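Residues per chain are reported as follows:
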Amino acid sequence: MANGIFSILRPQRGMQRGGLGMRNSTYTNNIKVFYSPIEAAIRWSGLIDHESEIIRLWCDTNQASQRQFAQWPHLQLNLDRIFDGIVHGDLPYGRCGITCDDPTLVSDPDLTVRHVDLRTWIQRHYPDQRPEFLFDAFERTLHPAIDVELIQNLIIERELLRATYASCTRRLEELQASHELLQQDYARIQSKHSMEEISPRAEATYLNIIGALLHVMLTHSPSGTPYSTFRSQEAIVSVLVAHHSALMGITERTLHAKFAEANRRLAAQIA
């Protein structure tokens, strides 16, 4: 831009170097809370080592022109960009670090832009630009299309997932330990039952008792009176299953098998 936006803020006669927004800290500092447009352009262009020389030229020249910064073409361009953002309302500005939307401040020697506003503005309008004084090393390595806030959200989500995974892993380990204890208890019970298997003599006794009970329940007294209301072995099995099916061994198949064996044993002994 030939002497357009670039010349909006030209040094005034007798202007002190205390202007240019440098009152917030020594002007050789790299990062500040707010900057004058020339300070921001210097940092954006990576010319912090030449700041003193550039500031002197800026303050001592009565007419700002593109030729005064001809040796630093990027400085000239970035300064134009900053004033373009200010003039068109894209970049918030103020005086001495205090934001104020006052068009008369554009030519004020104490015109300033805040660090946070400058960062947001560059992210939005010049995403391919990542000046060191506004963005850290990690942010400067990111592709312009990658949003830093999105990356931060993804990192937070990753940490939440890690915490959830760790919690689930601990819970799984606890359940596995409980399962192993239950298996051990079951094995002990099975072993105990195996050792406590009834002897042939005891089994014969139980079968005799079962056979005798069945015989009594399904027969009559000498006078012809039934000893029970059951008329068949099938009826006895049905009642047992209906009332005690939760007990081990109380199934139709098992009961019929045991009753049959008990009846055979009883019949063999009677014969």
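What you see as residue numbers is a count from 1 along each chain, following the sequence as written. Where totals are concerned, whole chains, interfaces and linings use all residues; where local detail is concerned, this predicted model gives features only for residues with pLDDT of at least 70, and gives and counts side-chain atom pairs only at 80 or more. The basis for every side-chain value is the complete set of non-hydrogen atoms in the structure, without hydrogens or water.

Undergrad: Describe the overall build of the protein, naming the residues involved and giving the relevant values.
TA: In this description a helix means any DSSP run of H or I spanning at least four residues, a strand means any run of E spanning at least two, and both kinds are numbered starting from the N terminus. Check the secondary structure of the protein and you find 9 helices and 4 strands. For the protein, the N- to C-terminal ordering of α and β elements is β-α-α-α-β-β-β-α-α-α-α-α-α. Here the term buried applies to any residue with accessible area under 20% of the maximum for its type, exposed to any over 50%, and partly exposed to those in between, with areas from a 1.4 Å probe on protein chains only. For the protein, with 271 residues in total, the buried portion stands at 31%.

Undergrad: Can you break down the packing of aromatic side chains residue by residue, with the values?
TA: For Phe, Tyr and Trp, rings pair up if their centres lie within 6.5 Å, where Trp contributes its six-membered ring, and each pair is then called stacked (planes under 30 degrees apart), edge-to-face (over 60) or tilted (otherwise). Considering all chains together, one arrives at 4 aromatic pairs under this definition. For the pair Trp 44 and Trp 121, a centre-to-centre distance of 5.8 Å together with 85° between the ring planes defines the contact as edge-to-face. Taken as a pair, Trp 44 in helix H1 (residues 37-44) and Trp 121 in helix H4 (residues 115-125) lie far apart in primary sequence, 77 residues in all. According to the relative accessible area criterion, Trp 44 is buried, its value standing at 7%. Note on Trp 44 and Tyr 126: the rings are 5.6 Å apart at their centroids and 65° apart in plane angle, and the pair reads as edge-to-face. One end of the pair, Trp 44, is in helix H1; the other, Tyr 126, is in the loop between H4 and helix H5 (137-141), and 82 residues separate them in sequence. For Tyr 126, a relative accessible area of 17% puts it in the buried group. Ring pairs connect the aromatic residues Trp 44, Trp 121 and Tyr 126, which therefore count as one cluster.

Undergrad: Mind laying out a nonpolar patch on the surface, listing which residues take part and the relevant values?
TA: On the surface, Ile 198, Tyr 206, Ile 209 and Leu 213 cluster together into a nonpolar patch covering about 400 Å² of accessible area. Judged by relative accessible area, which is 46%, Ile 209 ranks as partly exposed. Note that patches include only residues with greater than 30% relative accessible area and no salt bridge, and the join distances are 9 Å for like charges and 5 Å for nonpolar side chains (Val, Leu, Ile, Met, Phe, Trp, Tyr). Residue-level accessible areas treat just the shown protein chains as cover; the underlying method is Shrake-Rupley with a 1.4 Å probe. The working definition used for a salt bridge is a side-chain nitrogen of Lys or Arg within 4 Å of a carboxyl oxygen of Asp or Glu.

Undergrad: Before we move on, could you go through the pairing of strand S4 (residues 111-114) and cite the residues and values that matter?
TA: In this sheet, S4 lies alongside strand S1 (residues 34-35) in antiparallel orientation, the contact comprising 2 bridges. Paired with Phe 34 across the bridge in S4 is Arg 114. Sheet topology places strand S2 (residues 94-95) next to S4; 2 bridges connect them, and they run antiparallel. Note that in S4 the partner of Arg 95 across the bridge is Leu 111. Here, any two strands with at least 2 DSSP bridges between them count as paired.

Undergrad: Quick one: what's the story with helix H3 (residues 73-87), residue by residue and with numbers?
TA: Multiplying 1.5 Å by the helix residue count minus one yields the expected span of that helix. For H3, with 15 residues, the first-to-last C-alpha span of 21 Å sits near the 21 Å given by 1.5 Å per residue. Buried residues of H3: Leu 75, Gln 76, Asn 78, Leu 79, Asp 80, Arg 81, Ile 82, Phe 83, Gly 85 and Ile 86, and no others.

Undergrad: Before we move on, could you go through unusual backbone geometry and cite the residues and values that matter?
TA: Positive phi values are uncommon outside glycine, yet Cys 96 reaches one of about 55°. Structurally, Cys 96 is set in the loop between S2 and strand S3 (98-99).

Undergrad: Could you give me a rundown of the pattern of salt bridges, with the residues and numbers involved?
TA: Here the structure, examined in full by the defined rule, presents 8 salt bridges. Residue Asp 110 is joined to Arg 95 by a salt bridge in which the shortest nitrogen-to-oxygen separation is 3.1 Å. In this pair, Asp 110 is assigned in the loop between S3 and S4 and Arg 95 in strand S2, connecting sequence segments 15 residues apart. Using a relative accessible area of 5% as the deciding quantity, one classes Asp 110 as buried.

Undergrad: Any chance you could break down the confidence of the model for the protein for me, citing the residues and the numbers?
TA: Reading fine detail from the predicted coordinates is not recommended where pLDDT is low. Known as pLDDT, the predictor's confidence for each residue is given on a scale from 0 to 100. The predicted model of the protein averages 79 in pLDDT, with 78% of residues at 70 or higher. Counted against residues more than four places away or in other chains, residues 1-28, with its pLDDT under 50, gives 83 contacts. Here, residues are in contact when the closest pair of their heavy atoms is within 4.5 Å. Long-range and interchain partners of residues 62-66, a stretch whose pLDDT sits below 50, account for 19 contacts in this model, where long-range means more than four residues apart.

Undergrad: Can you explain the packing of helix H8 (residues 233-244) against helix H9 (residues 252-270)? Please cite residues and give values.
TA: Look at H8 against H9: their axes get within 10 Å of each other, and the N-to-C directions meet at 140°. When the axes of H8 and H9 are compared, the pair comes out oblique. Two packed elements cross with a definite hand, and for H8 against H9 that hand is right-handed. Between H8, through Gln 233, Glu 234, Ile 236, Val 237, Leu 240 and Val 241, and H9, the contact on the second element is made entirely by Glu 252, Leu 255, His 256, Phe 259 and Asn 263. Fitting a line to C-alpha atoms yields each axis, with helices limited to the stretch in contact; the angle taken between N-to-C directions then spans 0 to 180 degrees. By definition in this entry, angles of less than 35 degrees are roughly parallel, angles greater than 145 are roughly antiparallel, angles of 65 to 115 are roughly perpendicular, and the rest are oblique. Each crossing is labelled by how the near helix is turned from the far one, with a counterclockwise turn of less than a right angle marking it left-handed and a clockwise turn marking it right-handed.

Undergrad: Could you give an account of the nonpolar core, naming the residues involved and the relevant values?
TA: The nonpolar core is taken to be a set of buried Ala, Val, Leu, Ile, Met, Phe, Trp, Tyr and Cys residues, with the residues joined through side-chain atoms within 4.5 Å. Counting residues in hydrophobic clusters, the biggest one holds 31 residues, and the most contacted among them are Ile 38, Leu 75 and Leu 118. Only H1, helix H2 (51-60), H3, S4 and H4 provide two or more residues apiece to this core. Excluding its chain neighbours within four sequence positions, the residues that come into contact with Leu 75 are Ile 38, Ala 41, Ile 42, Ser 45, Leu 47, Ile 54 and Phe 69. If you look at the next biggest cluster of nonpolar residues, it comprises 6 residues, including Leu 214, Val 237, Ile 250 and Leu 255.

Undergrad: Outline the side chain of Arg 130, listing residues and values.
TA: For Arg 130, the position within the fold is in the loop between H4 and H5. We define a polar contact as two N or O atoms separated by no more than 3.5 Å, with the added condition that, inside protein, one atom must be a possible hydrogen donor and the other a possible acceptor, whereas residues neighbouring each other in sequence contribute only through side-chain atom pairs. Here Pro 127 takes part through its backbone oxygen, which lies 3.4 Å from a polar atom of the side chain of Arg 130.

Undergrad: Mind laying out the sheet that holds S4, listing which residues take part and the relevant values?
TA: Sheet strands pair by backbone hydrogen bonding; their relative direction is either parallel or antiparallel. As summarised here, the arrangement of the 4 strands in space is S1-S4-S2-S3, forming an open sheet in which the pairing is antiparallel. In the strand order of this sheet, the two ends are held by S1 and S3, each with one partner. Pairing of S2 with S3 involves 2 bridges; the strand directions are antiparallel. Its bridge partner being in S3, Arg 95 is matched across the sheet by Ile 98.

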